[in-house]
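Okay, here's what each chain looks like letter by letter:
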Amino acid sequence: MIPYGRQDISQDDIDAVISTLTSDFLTQGPAIPAFEAAVSKYCGAAHAVAVNSATSALHIACMALGVGPGDLVWTSPITFVASANCALYCGADVDFVDIDDRTWNLSPQKLEAKLEQASQAGRLPKVVIPVHLCGQSCDMAAIGALAKRYDFKVIEDASHAIGADYGGGPVGNCAHSDIAVFSFHPVKIITTAEGGLCTTNDAGLARSMQLLRSHGVTRESDEMTHAPDGPWYYQQITLGYNYRMTDMQAALGLSQMSRLQQFVGRRRDIAASYDEALKGHGLQLPETIEGALSSWHLYVIRVQPDAQLKVFEGLRKAGIGVNLHYIPVPSQPYYRELGHDPALYPSAMAYYRQAISIPVYATMTDENVDYIAAEVIRLLDENQ
Ligand SMILES: *Cc1c(COP(=O)(O)O)cnc(C)c1O
C-alpha cells in the first residue's frame with residue numbers, strides 16, 4: 001500500500017539520534033534550544049517553544065493567552081479534533097466558523113459575519129484558531145485585521161504548514177497572529193516522531209509557555225515570590241504539565257530541519273504533477289490564494305458526492321492509501337453531545353461528502369505519482 005503520507009529518515013537523522021543517546025542528556029539538554037533556534041530562525045519568529053506534540057502546543061498556547069472557563073474559542077470545522085479540544089482542556093467553549101468553498105480554509109468573510117453577530121449578542125471569541133489546511137496558509141491578513149477590529153487573539157494551527165510561505169514570509173513568523181503551532185508527527189512535513197512547537201514574537205507568551213510545558217516551575221530568582229532558599233531552590237509559580245520534548249526528538253528535528261526546503265520542494269513538484277494530470281476530469285482541485293505557497297502536507301481532491309465512496313474504495317483496492325481529512329469536528333459524537341450542529345456548516349459538510357486525500361510525501365517516486373493520477377482518472381471515468 002502506498003501510504004497517504006510518511007516520514008523520510010536519512011542516515012544523518014539516525015546518526016543525530018544515536019549520538020544524543022550516548023550524550024549526557026536524554027531530555028532537558030542542549031538539543032532542545034538548538035532545535036528551537038533552528039525553527040525560530042527559519043520562521044523569522046523571535047521565540048520557539050518545543051513540546052511533545054502539537055496538541056500540547058495548542059493547549060499551552062491557549063493557556064498562555066488566558067483562555068479559561070466562560071471564554072469562547074473559534075476554529076474551523078474541517079480540522080483534526082485537537083484544534084478544538086485545546087479550548088475544552090481550558091474549560092472554555094468552542095464554536096466553529098465555516099470554510100471557504102474554494103480554499104477549504106476558515107473563511108474570513110464568514111468569520112466577519114459571525115463576529116458581527118457575536119458582537120451584537122455580546123459574546124465575542126477570546127481566541128480564533130485558523131487552521132492552514134493541507135499546508136496552505138489561511139488569509140491571515142484578513143483574519144489579523146479582524147482580530148484588531150474585534151479584539152481577539154489568534155493562534156495559527158500550522159500543524160500542516162512548516163515550510164509554507166504567506167505574504168512573502170514563512171508561515172510561523174506570526175506577522176498576523178500571536179502564536180503559531182507546528183506538528184512533527186511522522187506524516188507531517190518534518191518529524192520528531194511525536195512533537196510540536198509554538199512560535200511567537202512575544203517574550204511574555206514564550207516564557208509562559210516554557211513554564212506551562214514543565215510543571216510551572218522556575219529556577220529564575222526574579223520570577224520567585226522571595227529570594228531563593230539556597231542554590232537547590234526552585235518554585236512552582238503556576239500549574240503546568242510535563243509536555244517536554246526529549247533530546248533525541250529534538251536532535252531528529254534539528255537534522256530534519258536541514259532538509260525542510262528539500263522536502264517541501266519535492267511536495268510542490270508532486271502537487272504540480274497532480275494539478276497537471278488531474279485537471280479537466282470534473283474534479284475540484286486545490287486552489288491556492290494570492291500570496292500563499294503551500295507546503296503540501298496533503299493533496300485533496302473533491303469528487304462528485306455519489307462517486308466518493310466508489311473512488312475511495314477503488315483507490316484502496318489499487319494499493320493507494322487514500323484518506324479523508326477531515327470529518328467535520330461538530331459532527332463528532334462528543335461535540336454533538338455538547339450541543340453542536342454540523343448543519344450550521346454547510347460548506348464543511350459539502351466538502352466532507354466529496355474530499356479524498358491522495359498520497360503526497362517527499363520519498364514518493366514519479367512512477368507512484370503517475371500511477372495514482374492514472375488510477376484516479378480511471379475510477380472517475382467508471383463512477384462519475
Ligand atoms: C496533526 C495535527 C494536530 C495534532 O498534532 P499532534 O502533534 O499529533 O498532537 C493538530 N492540528 C492539526 C490540524 C493536525 O493536522
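Residues numbered from 1 in each chain as written. Predicted model: local features only at pLDDT ≥ 70, side-chain atom pairs only at ≥ 80, totals over all residues. Heavy atoms only, no water.

Structural notes on the site of the ligand
Part 1 of the argument: Lining the immediate surroundings of the ligand are 15 residues, of which Thr55, Asp157, His160, Ser183 and Lys188 lie closest.
Part 2 of the argument: Contacts to the ligand include Asp157, whose side-chain N or O atom sits 2.8 Å from a nitrogen atom.
Part 3 of the argument: In the model, an oxygen atom of the ligand is placed 2.6 Å from a nitrogen or oxygen of the His160 side chain.
Part 4 of the argument: Protein contacts shield 92% of the accessible area of the ligand, which totals 380 Å² for the unbound molecule. (Near = heavy atom within 4 Å. Polar contact = N/O pair within 3.5 Å; in protein donor to acceptor, adjacent residues only side chain to side chain. Areas by Shrake-Rupley, 256 points an atom, 1.4 Å probe, with all protein chains shown as cover.)

Describing the sheet that holds strand 6 (residues 165-166)
Part 1 of the argument: Overall, antiparallel pairing links the 3 strands, which are arranged 7-6-12 in an open sheet. Here the strands that pair on one side only, and so sit at the sheet edges, are strand 7 (169-170) and strand 12 (292-293).
Part 2 of the argument: The pairing of strand 6 with strand 12 spans 2 bridges and is antiparallel. Bridged to Asp165 within strand 12 is Leu293. (Pairing = 2+ DSSP bridges. Helix = DSSP H or I, 4+ residues; strand = E, 2+ residues; numbered from the N terminus.)

Re the sheet that holds strand 8 (residues 179-183)
Part 1 of the argument: What the 7 strands build is an open sheet, ordered 1-9-8-5-4-2-3; its pairing is mixed. The two strands at the open ends of the sheet, each matched to only one other strand, are strand 1 (47-51) and strand 3 (93-96). On average, each strand axis in the sheet is inclined to that of its neighbour by 20°, with strand direction left out of account.
Part 2 of the argument: Inspection of the sheet shows strand 4 (residues 127-129) paired to strand 5 (residues 153-157) by 2 bridges, in the parallel sense. Across the sheet, the residue bridging to Val127 is Lys153, located in strand 5.
Part 3 of the argument: Those strands touched by helix 2 (residues 31-43) are strand 1, strand 8 and strand 9 (196-200), and its axis lies near 130° from that of strand 1.
Part 4 of the argument: Each of strand 2 (72-75), strand 3, strand 4 and strand 5 touches helix 4 (residues 82-89); the most contacted strand, strand 3, lies at about 150° to it. (Axes fitted to C-alpha atoms, helices over the stretch in contact; angles between N-to-C directions. Contact = heavy atoms within 4.5 Å.)

Observations concerning helix 6 (residues 140-150)
Part 1 of the argument: Of all the positions in helix 6, only Met140, Ile143, Gly144, Leu146, Ala147 and Tyr150 are classed as buried. When helix 6 is viewed along its axis, its buried side chains cluster within an angular range of 160° and face the same direction. In helix 6, the exposed positions angled more than 90 degrees off the buried face are occupied by Lys148 and Arg149.
Part 2 of the argument: Here the buried face of helix 6 lies against helix 5 (108-121), strand 5 and strand 6.
Part 3 of the argument: Among the residues trailing helix 6, Asp151 stands out with phi positive, at a value near 60°. (Buried < 20%, exposed > 50% of the residue type's maximum accessible area, 1.4 Å probe, protein only. Arc of directions from axis to C-beta.)

Focus: the packing of aromatic side chains
Part 1 of the argument: Evaluated as defined, the whole model comprises 9 aromatic pairs.
Part 2 of the argument: Centroid distance Phe35 to Phe184: 5.3 Å. Interplanar angle 65°. Geometry classified as edge-to-face. With Phe35 in helix 2 and Phe184 in the loop between strand 8 and strand 9, the pair connects residues that are 149 residues apart, well separated along the chain.
Part 3 of the argument: Residue classification places Phe35 among the buried positions, given a relative accessible area of 0%. (Phe/Tyr/Trp six-rings, centres within 6.5 Å; stacked < 30°, edge-to-face > 60°.)

Quick word on the domain arrangement of the protein chain
Part 1 of the argument: Per the domain assignment, the segments of the protein chain are domain 1 (11-257) and domain 2 (260-382).
Part 2 of the argument: Just the C-alpha atoms count here: the centres of domain 1 and domain 2 sit 26 Å apart.
Part 3 of the argument: Contact residues are listed per partner, giving 43 residues for domain 1 and 38 residues for domain 2.
Part 4 of the argument: Carbon and sulfur atoms supply 62% of the area buried between domain 1 and domain 2, which totals about 3300 Å² over both sides.
Part 5 of the argument: The largest share of the area that domain 1 buries against domain 2 comes from Trp104, Cys134 and Ile189, three residues that together contribute 20% of it.
Part 6 of the argument: Applying the counting criterion to the domain 1 and domain 2 interface returns 2 salt bridges.
Part 7 of the argument: When the shortest N-O distance is used, the salt bridge between Glu287 and Arg102 registers 2.8 Å.
Part 8 of the argument: At the junction of domain 1 with domain 2, the criterion picks out 26 residue pairs in polar contact (both at pLDDT 80 or more).
Part 9 of the argument: Counting only elements with at least two residues in the side of domain 1 that touches domain 2, the list comes to helix 4, strand 3, helix 5, strand 6 and helix 8 (247-257).
Part 10 of the argument: For the side of domain 1 that touches domain 2, the per-class residue count stands at 23 nonpolar, 11 polar and 9 charged. (Domains from an automatic or database assignment. Buried area = accessible area lost by both parts, 1.4 Å probe. Salt bridge = Lys/Arg side-chain N within 4 Å of Asp/Glu carboxyl O. Nonpolar A, V, L, I, M, F, W, Y, C, P; charged D, E, K, R; others polar.)

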